[in-house]
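Chains, contacts and geometry: an overview
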Amino acid sequence: MSKPATMSNFHGAHNVTTGDITNINANNFYHNGGRSRNAVKELQEHMAAGAMPDSAERCDAPKCHPETRVAVQNELIGWIEHGDEEEEPNRIIWVTGPAGGGKTAIMGSIADTCQRMGLLACGFFFSSFTGSTNRRFKRCLVVTLAYQLVQHPALRDVGERILSCVEQDPAIFERQLEVQLDRLLVQPLRELRRDAQLPKIILIDGLDECQAENDNDLARPARSPQEMARRNEADQKEILQVLLKAVNDPTFPFRIIIASRPEAVIQSFFTDTAHHITKRIFLDNKYNPDADMMLFLEARFAEIRREYKLSSSWPSQDVKEALVGNASGQFIYVATVMRFISSDSPHEQLEQVMTLRRSDASANPFAPLDALYTHILSSSAKPLLAVRWLSLIFCTGMLDDGLSGKQYPVQFVQPFLEASPGEASHVFKGLNSLIFVPPTDDHTSPYSLFHKSFTDFLRDRSRCGSLYVDNPTDLFSTRYLQIWKDKGPATPLDPLKKEEFLHWFMERFGPLTYWSPLFTGLEQDFDSYDVGWWVRSQDVFSKQRMCGDPSQHTCNVDYLFCIIHTNCVWYQRCRPACRYIRMELIKELKKLGWKTPGSLRLLGHRFRHYDVTDDTGISQPITHHRNGDDSGVNSEGKP
């Protein structure tokens, strides 16, 4: 095996300057002058720091339990060290297998081992359900890999060439992925002097979790799940194509391990396009997962026995064997079982697990996991409401930032969902083996899941059974309209926090307009909504200097004005809800000095239908518009 790289006397230093030589937040990397410092800063600003194998964000990421997954780890390390010696060497290994099989834990352990041995060049751990948002997107991949090469103590010359590229082309971060890979990785590595001490491997984990970014067009209707899935697949395929192009370059010195679920687009790529240079490792019974899970259970039960002062004979061997049998090779099952058992009264919790309905795991390997998920959810005081909340939070994207895709923190989501103070604690009580709830003094973290397989369960009617929620977006509409009626959340908030919440709440109207339950609520009870309060709030937030997106508030007024009219018939009078809300809007907006449709424009609305992208609704405040527009009103907003 290769010897670890020699440590510098400056190892771990931060911003230490000696003359004009500076170490910038690096292990051992040095460079000269201010221009290179700026290039490093540019890389840092465009990378996904949380996706690096040794990032602080991944400090609690799953790793293989000691003495488990030994066979597959040995196979991977052996290939990394000696794969070039094979008669027909492969350039890529694809590690795959079903959800919950331990792929990320294996990749995390391989990263640690390679780091100690000096074999790891760089890596990227995608994550679509936890961690920072930029770990989801392809745009951060190449930059994050390049940054790690810059900081690698054995690749200083390569680092200089990467920084030079950034200095010469500051727009490199906006270029296509293929161009980025060529200029930031492939070209700088071409002049690399081959050495036995050089790193050998790049690790890419969770490729199937790479997601396409949302458009910046706020007026564009929300994409359907099918369209989003196609865009996700296109980005995943693009990543595979550029990585394949890199390893096919004879001067490229590294091999690559990619881990993912066997999704169709990835499976097709490795079967049809890259089969000649790819070795496939499928995590099945060949690697004896049952023995590894037994070791894991032994260790975790020992911890629980020590904590609760339980008998050394608890639990019996038969119980442990039954748990391993139920897992059907899925580590996520035994991990979830142990979180559930250790959460409270281990004896009782284990008895509950063991009395769950027995299923034929050979016919449906997810059956024991589904039974466990169902049982844990049923322990909530309000199981169906808990599933509605979880589905809305984790499966719809409606509680994510529309542009970044980042989930909003609990300080906004909790008061939005609660119909009464303290309801969140009631609903989520007993679910701590499935979901992480930030402590009350944490105002920036979102709710998060322990494993992505839980969202697969929530989305599948055949697995979720009687707990399945058909339209979780209905809950969003219900809560939005109730908060509108009440002019605030049910949860008492101090004035500053309430203002922050209402700002966030007002911005949420845009995404909401694409879901029909909103109109049903407005139609049935239209005169109970204070349109004036809603418009005044949108106006206030749109004019605030610190408003994150002023245009969203002005768009929201347009949305309401246009959408409430979409179901009117041209040869009849507008529906009562439409007449009431549109007239209230016009009245209030005139008071605020906004431009509003004149009589002719309103008459024209009668004969056409339009969506929110049409320029036929409310205009922005008069201070934002040029003279001579055709809104049908004068500068005072009068017809």
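About the thresholds
- All residue numbers refer to position in the chain's written sequence, counted from 1.
- Local features in this predicted model are restricted to residues whose pLDDT is 70 or higher, and side-chain atom pairs enter the listing and the counts only when it is 80 or higher, whereas totals over whole chains, interfaces and linings include all residues.
- Where side-chain values are given, they derive from all heavy atoms of the structure, hydrogens and water being excluded.
- A pair of strands counts as paired when DSSP detects no fewer than two bridges linking them.
- Numbering of helices and strands starts at the N terminus; helices are DSSP runs of H or I of at least 4 residues and strands are runs of E of at least 2.
- Each axis is a line fitted through C-alpha atoms, taken for helices only over the stretch in contact, and angles between the N-to-C directions span 0 to 180 degrees.
- Between two residues, a contact is recorded if the distance between any of their heavy atoms is within 4.5 Å.
- We call a residue buried when its accessible area falls under 20% of the maximum for its residue type, exposed when it is over 50%, and partly exposed in between, using a 1.4 Å probe and counting protein chains only.
- Think of a nonpolar core as a cluster: buried Ala, Val, Leu, Ile, Met, Phe, Trp, Tyr and Cys residues, connected wherever their side-chain atoms sit within 4.5 Å.
- The arc in question is the one traced by the directions running from the helix axis out to the C-beta atoms.
- Think of it this way: a Phe, Tyr or Trp ring, Trp meaning its six-membered ring, pairs with another when their centres are within 6.5 Å, and the plane angle makes it stacked under 30 degrees, edge-to-face over 60, tilted otherwise.
- Cation placement over rings: the criterion is NZ of Lys or CZ of Arg within 6 Å of the ring centroid and within 35° of the ring normal.
- The pLDDT value expresses, per residue, how confident the predictor is, ranging between 0 and 100.
- By the definition adopted for this analysis, an angle is roughly parallel if under 35 degrees, roughly antiparallel if over 145, roughly perpendicular if from 65 to 115, and oblique otherwise.
- For a crossing to be left-handed, the near helix must be turned anticlockwise from the far one by less than a right angle; the clockwise case is right-handed.
- Any residue that is not Ala, Val, Leu, Ile, Met, Phe, Trp, Tyr, Cys, Pro, Asp, Glu, Lys or Arg is counted as polar, Gly included; the first ten are nonpolar and the last four charged.
- In this scheme, patches are assembled from residues that exceed 30% relative accessible area and form no salt bridge. Like charges are connected within 9 Å, while nonpolar side chains (Val, Leu, Ile, Met, Phe, Trp, Tyr) are connected within 5 Å.
- Method for areas: the Shrake-Rupley scheme with a 1.4 Å probe, in which residue coverage is limited to the protein chains shown.
- A side-chain nitrogen of Lys or Arg and a carboxyl oxygen of Asp or Glu constitute a salt bridge if their distance falls within 4 Å.
- To estimate how far a helix should reach, multiply one less than its number of residues by 1.5 Å.

**Some remarks on the sheet that holds strand 6 (residues 201-205)**
Paired through backbone hydrogen bonds, the strands of a sheet run either parallel or antiparallel to each other. The strand order across the open sheet formed by five strands is 5-6-7-4-8, and the pairing between neighbours is parallel. The open sheet has two edge strands, strand 5 (120-125) and strand 8 (278-282), and neither has a second partner. On average, each strand axis in the sheet is tilted by 15° relative to the strand beside it, whichever way the strands run. As judged from the five bridges shared by strand 5 and strand 6, these two strands associate in the parallel manner. Looking at strand 6, one finds that Phe124 is bridged to Ile204.

**Considering the environment of Pro188**
Here Pro188 shows up in helix 6 (residues 177-190). When sequence neighbours within four positions are dropped, the list of residues in contact with Pro188 reads Val158, Arg161, Ile162, Asp182 and Arg183.

**Points about the pairing of strand 6**
Along strand 6, five of the five residues are buried, which leaves the element largely enclosed by surrounding structure. Burial along strand 6 is two-sided: Ile201, Leu203 and Asp205 facing one way and Ile202 and Ile204 facing the other are all buried. Pairing between strand 6 and strand 7 (residues 255-260): five bridges, direction parallel. Looking at strand 7, one finds that Ile201 is bridged to Arg255.

**Comments concerning the nonpolar core**
The biggest cluster of nonpolar side chains holds 96 residues, and the ones touching the most others in it are Leu323, Phe416, Trp484, Phe505 and Trp534. Among the elements that take part in this core, helix 14 (residues 383-395) stands out by supplying nine residues, more than any other. In this structure, Val142, Ile204, Cys210 and Val265 belong to the second largest nonpolar core, which totals 59 residues.

**Some details on helix 10 (residues 317-327)**
Listing the buried residues of helix 10 in full gives Val319, Lys320, Leu323, Val324, Asn326 and Ala327. What you see down the axis of helix 10 is that its buried residues fit within an arc of 160°, all on one side. On its buried side, helix 10 packs onto helix 9 (289-308), helix 11 (331-343), helix 12 (346-354) and helix 13 (367-378).

**Details of the packing of aromatic side chains**
Counted by the stated rule, this structure contains 23 aromatic pairs. Judged by centre distance (5.1 Å) and plane angle (75°), the ring pair of Tyr373 and Phe454 falls under edge-to-face. Here Tyr373 is found in helix 13, whereas its partner Phe454 is found in helix 17 (residues 453-459), with 81 residues between them in sequence. For Phe454, a relative accessible area of 2% puts it in the buried group. Joined through ring pairs, the aromatic side chains of Tyr408, Phe412, Phe416, Phe476, Tyr480, Trp484, Phe501, Trp504, Phe505, Phe509, Tyr529 and Trp534 make up one cluster. Cation over ring: Arg463 sits above Phe366, and NZ or CZ is 4.4 Å from the ring centre. Above the face of the Phe561 ring, Arg582 is positioned so that its terminal group lies 4.2 Å from the ring centre.

**Quick word on the environment of Glu75**
You can see Glu75 is positioned in helix 2 (residues 70-82). What makes Glu75 partly exposed here is its relative accessible area of 22%. For the pair Glu75 and Ile281, spaced 206 residues apart in sequence, the C-alpha to C-alpha distance is 9.4 Å.

**Focus: the confidence of the model for the protein**
Summarising the model, the protein shows a mean pLDDT of 83, and 82% of its residues fall at 70 or more. Note on residues 610-614: pLDDT under 50 across the span, and 14 contacts to partners over four residues away in sequence or across chains.

**So, the packing of helix 4 (residues 141-151) against helix 6**
Between two packed helices, both the angle of their axes relative to each other and the distance between the axes serve to describe the pair. Closest axis-to-axis distance for the helix 4/helix 6 pair is 9 Å, and the angle between their directions is 15°. One way to sum up the angle between helix 4 and helix 6 is to call them roughly parallel. Of the two possible hands of crossing, helix 4 and helix 6 adopt the one that is left-handed. Listed contacts from helix 6 to Val142, Val143, Leu145, Ala146 and Leu149 of helix 4 are Leu177, Gln180, Leu181, Leu184, Leu185 and Leu189. Broken down by class, the residue content of the contact of helix 4 with helix 6 amounts to ten nonpolar, one polar and no charged.

**A short note on a nonpolar patch on the surface**
Taken together, the side chains of Val569, Trp570 and Tyr571 make up a nonpolar region of the molecular surface, amounting to roughly 330 Å² of accessible area. By secondary structure assignment, the location of Trp570 is in the loop between helix 24 (550-563) and helix 25 (576-592). Residue classification places Trp570 among the partly exposed positions, given a relative accessible area of 47%.

**A closer look at helix 2**
It helps to recall that an α-helix has 3.6 residues per turn; residues three or four apart then point in one direction. The end-to-end C-alpha distance of helix 2 is 18 Å, a good match for the 18 Å that 13 residues give at a rise of 1.5 Å each. For helix 2, the set of buried residues is Val72, Gln73, Leu76, Ile77, Trp79, Ile80 and Glu81. Tucked inside the fold, the buried residues of helix 2 contact strand 4 (92-96), helix 3 (103-117), strand 6, strand 7 and strand 8.

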